[in-house]
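# Survey of secondary and tertiary structure
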Amino acid sequence: MLMAVDVAIVGGGVIGCSVAHYLSATGARVAVVERTQIGRGASAANSGVISLATKKPGLALDLALVSQQMFPTLSAELGYDVEYLVDGGMIIAQSETQARFLDELVAAQRSDGAGIAMIDAAQAIALNPLLAGRVLSASHCPTDAQANPFRVTQGFARSAEKLGAAILHDTAVEAIDVSGGRVRSVHTSRGEIRTRWIVNAAGAHANEVGKMVGVEHDVVPRRGQLVILEATDDLPNIRVSSAGALLAKHQGSTQSINAAFAYTRKPLSGTVMLGGTNEFAGFDTATTKTGIGEICRLAVSAMPYLGQLHALRSWAGLRPYSPQGPQLGLTQGPAGYAVAIGHGGDGVALAPVTGRYVAEVIAADGKDADLKQYLAREKARLAANAGQRGVTA
Amino acid sequence: MLAADVVVIGAGPAGLSAALAARRSGASVLVLDEYPEPGGQFYKQLSSGFQVSARSRLDPDYTKGDALVGAVRAAGVELSHETLVWASFDANELAIVRRAESGTARAKCIVVATGAYERTIPFKGWDIPGVMTPGAAQTLVKHQRVVAGSRIVLAGSGPFLLPVAKSLLGAGANIVAIAEATRPESWASHAFRMWGHWDRLREAWSYRRAIAAAGIGLRFGERVVEARGRDALERVVLQACDAHGDIRTDAPAREIEADTLCVAYGFVPSVQVARALGCELTYDALRGGWIPRHDVLMQTSREHVFVAGEAAGIGGAYAAMAEGTLAGLSAARKLGLAVRASELDAAARERVHRRRFGDLVNELFAVKPGYYRAIEDATLVCRCEEISAGTLRAAIAAWGWDVNCIKGVTRCGMGYCQGRICGSTVEHLAAQVAGHAPGDRDGFNMRPPIKPVTVSTLAQLDS
Ligand SMILES: Cc1cc2nc3c(=O)[nH]c(=O)nc-3n(C[C@H](O)[C@H](O)[C@H](O)COP(=O)(O)OP(=O)(O)OC[C@H]3O[C@@H](n4cnc5c(N)ncnc54)[C@H](O)[C@@H]3O)c2cc1C
């Protein structure tokens, strides 16, 4: 036997590491079991955007609202700078359909308590003067932010380790023992780990781990390609993405590569990240000619200035996509089996709330676990705090 | 769209030899090279390592090189210059950019002959204007007839320093010192291995003679520890080092007034194109680091991809030509063309002979761990993102040896050069801090484009 713990977390991405951090803080003995290296999956391949404006009203937006409030103090909490920066974000409508979609979306988001507003084309261009293509209107969320995803993941992992967690890399979970209706241990490539709880945080590989306890999950890899441009001075920091991207994301469209325009400036390095695609291509993480070509075409048409900049690199990552969105805590399967899966394109933004919620569920030994109630409670608390500080969204 | 039976990437001695051999065996051949035309481009190509090295080696017999270019053209090989291979999205297709136009080159077989670049190892002041690589200084002379400065110091390690000295002297340069980090004592014991390599020895001797005739002090076992100067280089500080490359702090430092310092420690194979083609890499410390795994006929892990010259491991221009010929013949054979066994044998024998000498030279000038240990914490390793050795060492101590993780948390290697300059240094630092050998772990990931390409060019990519 390799070791005995209270909780074995399968997957060392941003989600697994966040769960490990919050669980370790409750005093639980935790092991993170990672097949490759910590933070090498989707968590190393994303844009690091922490956005409310891109979230679907309901569960995703509520999670984002709670999670976003945790970011400003995260560096202090982890003792490590996660490079959290608030520069705001805009979603532009480039067609009538998109404009109608945005109007409805923003109305619903506002009624859920998000500080997002519609602005007209002139206001949008004033906020980001690189915009020169067709813009009908835009939604604007001044609190949209970003963080360095490598640092968020590593920060959670190292903090968990300091709090006593074992972080095992190059260790694959191969099987899970269940008896008497309860998980007992995980079999890894380096030996057996006895445990009372297992958290499936295997990202795009969640189904594989689910099968080990006889559960069918519906998580599929959804490839996203990105293109990074050379560093330049004095470009606007506010993020701009096209409503087209959201339409694809919210509707889970399976058509083509679903390329859509997204401009994310990285103020610390001066680079620009261009997104992105939303493709179902299995576990293939290659970039494609079509993907890079589409991303660059969309960028040149929305922001012609970008055409002269050099692309330095491109890559693709696999979003852990589920048509139901994120699934956290107890869902199905034997006692002691918890999940933190299906984060799709929002895993970094939702990592803090995911970790905290799953840790609470396990610390309470699975009693009274109800995500909706938890979120309602947290939102009420946030509103009360905001009220106390005299802040209104 | 371009197409040929055999597409060769790189128009140095290896690539041209491969092109000629494949063409003479009956294949249609296209050579792609990112540097400009025409005619004497063989000798004119700019700094990036291997071509420079090769050119200097061929310097004494310029006409021989000219003859190779002439023969390649006469044989009907198509040469496409200013053509950058920036990615490969399909086993038989290369994504190219030619004069800001995006396109593709299709091939049944591919020969990767992408050469090498100079190994720069950071030291205090290496980012001051006036500090450059020997290859850069030689390019200025050869290409623009410009001597880099009025007081030049050549330092670092490797056989390349001598031909650079000779070309600089030929252009009237004032070289005030040459410091070679290794020591010749160890060479004597290898004398028997030099037997038979008379052409190479004669060439080396001619360099030594030129340097002696110019009355330049050539010191062994000495390294640059610092470059000083406010806005530009003013002085170079040199100090003795031991057999591990560590500075002998008991030895006095020597300060030399200079406005130009040319320093590099040999070459690093340029393997980005091979990686983009999906070739498996293996680490060969003696031959410069990561190289595509290949067999005795130069075939890589991808059946239709062959490798030759410095890209297959540092070995000098003669090994490159021998390997080019072999790779060209192998590619032709793979296409099903008739290749005489005797021809293939002769090429394989010539390759072994030339590699033997190349390996001997590599051994004599092997990269020493002390070169990397000596990098002070305050010294920048990644100039693009301004990341110091201290930041890297701390990150490695905290996060482990995985250089891709170190890249993520520090941004080292994410800048304009995409880690080409700092990659090898980061691997060595990670190995030293984590206590394993360089090459035990993967290097930086390869993420296209291989070299920067503008967004508007990429926007032309057809779907
Ligand atoms: C192009 C792109 C852009 C994105 N942009 C954003 C953004 O701006 N903002 C945002 O919030 N999110 C974004 N995302 C989404 C975000 O990256 C993911 O939601 C998040 O990283 C998921 O984290 P994870 O820990 O679930 O998965 P991963 O990071 O993939 O981690 C899962 C880990 O589980 C391990 N594993 C799997 N099976 C096993 C096993 N059997 N044994 C051991 N280990 C195993 C894997 O090796 C892997 O390391 C983006 C994603 C992509 C691809």
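Rules of the game
- Residues numbered from 1 in each chain as written.
- Chains lettered and ligands numbered in written order.
- Predicted model: local features only at pLDDT ≥ 70, side-chain atom pairs only at ≥ 80, totals over all residues.
- Heavy atoms only, no water.
- Contact = heavy atoms within 4.5 Å.
- Buried area = accessible area lost by both parts, 1.4 Å probe.
- Salt bridge = Lys/Arg side-chain N within 4 Å of Asp/Glu carboxyl O.
- Polar contact = N/O pair within 3.5 Å; in protein donor to acceptor, adjacent residues only side chain to side chain.
- Helix = DSSP H or I, 4+ residues; strand = E, 2+ residues; numbered from the N terminus.
- Buried < 20%, exposed > 50% of the residue type's maximum accessible area, 1.4 Å probe, protein only.
- 1 Å grid on protein atoms, 1.4 Å probe; cavity = no way out; pocket = protein on both sides within 12 Å on 5 of 7 lines; lining within 4 Å.
- Points joined across faces, edges and corners; volume = space filled by probe spheres on them.
- Nonpolar A, V, L, I, M, F, W, Y, C, P; charged D, E, K, R; others polar.
- Near = heavy atom within 4 Å.
- Areas by Shrake-Rupley, 256 points an atom, 1.4 Å probe, with all protein chains shown as cover.
- Domains from an automatic or database assignment.
- Core = buried A, V, L, I, M, F, W, Y, C linked by side-chain atoms within 4.5 Å.
- pLDDT = per-residue confidence, 0-100.
- Pairing = 2+ DSSP bridges.

This paragraph deals with the interface of chain A and chain B. Counting residues at the interface gives 33 residues for chain A, matched by 32 residues for chain B. Roughly 3,100 Å² of surface becomes buried between chain A and chain B when both sides are summed, with 58% attributable to carbon and sulfur atoms. If you look at where chain A meets chain B, you find three salt bridges. Between Glu83 of chain A and Arg411 of chain B there is a salt bridge, with its nearest N and O atoms 3.1 Å apart. For the pair chain A and chain B, the number of links is 13 residue pairs in polar contact (both at pLDDT 80 or more).

Turning our eyes to something else, we now look at the side chain of Thr171 of chain A. Residues and elements named next belong to chain A. Along the chain, Thr171 falls in the loop between β9 (166–168) and β10 (173–179). Residue class for Thr171 comes out buried when judged on its relative accessible area of 0%. One polar contact links the side chain of Thr171 to the main-chain carbonyl oxygen of His169, over a distance of 2.7 Å. Setting aside anything within four residues of it in sequence, one finds Thr171 in contact with Val33, Glu34, Arg35, Thr188, Ser189 and Arg190.

One pass over the full model with this rule turns up four cavities of 30 Å³ or more. Considering only enclosed or pocket space, the largest cavity measures out at about 110 Å³ in volume. Surrounding the largest cavity, 16 residues form its lining, Val49, Gly88, Gly89, Ala145 and Arg239 of chain A being those nearest its centre. Residue assignment for the lining of the largest cavity shows that the elements contributing at least two residues are β5 (89–93), β8 (145–146), β14 (239–242) and β15 (262–266) of chain A. Along the lines of polarity and charge, the residues of the lining of the largest cavity split into four nonpolar, eight polar and four charged. In this structure, the second largest cavity occupies an estimated 40 Å³ of space. Taken together, Trp401, Val403, Glu427, Ala430, His436, Pro438, Gly439, Arg441 and Asp442 of chain B form the lining of the second largest cavity. Looking at side-chain class alone, the lining of the second largest cavity contains four nonpolar, two polar and three charged residues.

Residues and elements named next belong to chain A. Inspection of the region around the ligand gives 38 residues, with Glu34, Ser43, Val49, Gly344 and Ala349 positioned closest. At a separation of 3.0 Å, a nitrogen atom of the ligand approaches a polar backbone atom of Gly345. Out of a free accessible area of 1,000 Å², the ligand has 96% covered by protein chains. The set of elements that each furnish at least two residues to the shell around the ligand consists of α1 (14–25), β13 (220–229), β17 (310–321) and α10 (347–363). Built from parts of two domains, the shell around the ligand gets at least three residues from each of domain 1 (2–48 + 150–219 + 324–389) and domain 2 (89–142 + 220–321).

Before going further, it helps to spend a moment on the domain arrangement of chain A. By a frequent convention, interface size equals the accessible area lost on bringing the separate parts together. Residues and elements named next belong to chain A. Looking at chain A, the domain boundaries give domain 1 (2–48 + 150–219 + 324–389) and domain 2 (89–142 + 220–321). For the pairing of domain 1 and domain 2, the buried interface totals around 1,200 Å² over both sides, and the portion due to carbon and sulfur atoms is 58%. When the buried surface of domain 1 facing domain 2 is broken down by residue, Ala45, Ser47 and Ala204 rank first, second and third, together holding 37% of it. In this structure, the connection of domain 1 to domain 2 is made through zero salt bridges. Connecting domain 1 to domain 2 are five residue pairs in polar contact (both at pLDDT 80 or more). Here the side of domain 1 that touches domain 2 is built from residues that sort into four nonpolar, nine polar and three charged.

Attention shifts here to the nonpolar core. Counting residues in each nonpolar core, the largest one holds 112 residues, and the members touching the most others are Ile9, Leu23, Phe156 and Val199 of chain A together with Leu261 of chain B. A per-element tally of this core places α10 of chain A first, with nine residues. In this structure, Phe156 of chain A is in contact with Val14, Cys17, Ser18, His21, Tyr22, Leu74, Leu78, Ala351 and Pro352 of chain A, ignoring residues within four places of it in sequence. Judged by nonpolar contacts, the second largest core, of 58 residues, contains Val7, Leu68, Ala311 and Leu329 of chain B.

Residue and element names in this part refer to chain A. Within the secondary structure, Glu378 sits in helix α11 (residues 371–388). Judged by its relative accessible area of 8%, Glu378 falls in the buried class. Polar side-chain contacts of Glu378 include one of 2.8 Å to the side chain of Arg356. Polar contacts involving the side chain of Glu378 include one to the side chain of Arg381, which spans 2.6 Å. Among all residues touching Glu378, those that are not within four sequence positions of it are Val66 and Arg356.

In this section: the confidence of the model for chain B. All names here are of chain B. Looking at chain B, pLDDT values average 89 and 93% of them are 70 or higher. The low-confidence segment residues 38–55, where pLDDT is below 50, has 70 contacts with residues more than four positions distant or belonging to other chains. Here the predicted complex scores 0.91 on pTM and 0.92 on ipTM.

Attention now goes to the sheet that holds strand β3 (residues 49–50) of chain A. Residues and elements named next belong to chain A. Taking strand neighbours across the sheet as the criterion, the three strands line up as β3-β8-β4 in an open arrangement whose pairing is antiparallel. Looking at the sheet topology across the chains shown, the edges are occupied by β3 and β4 (85–86). Relative to β8, β3 runs antiparallel, the two being bridged by two bridges. Bridge assignment links Ile50 to a residue of β8, and that residue is Ala145.

Residues and elements named next belong to chain B. For the structure shown, the criterion picks out 40 salt bridges over all chains. One salt bridge connects Arg354 with Asp199, and the closest N-O pair in it is separated by 2.9 Å. Note that Arg354 is positioned in helix α12 (residues 341–364) and Asp199 in helix α9 (residues 198–213), a separation of 155 residues in sequence. Across the pair Glu222 and Arg254 runs a salt bridge, and its minimum N-O distance is 2.7 Å. Of this pair, Glu222 sits in strand β12 (residues 222–228) while Arg254 sits in strand β14 (residues 254–257), and the two are 32 residues apart along the sequence. Residue classification places Glu222 among the buried residues on the basis of a relative accessible area of 5%. If you follow the salt bridges from partner to partner, you end up with Glu226, Arg228, Arg235, Glu255 and Glu257 in one network.

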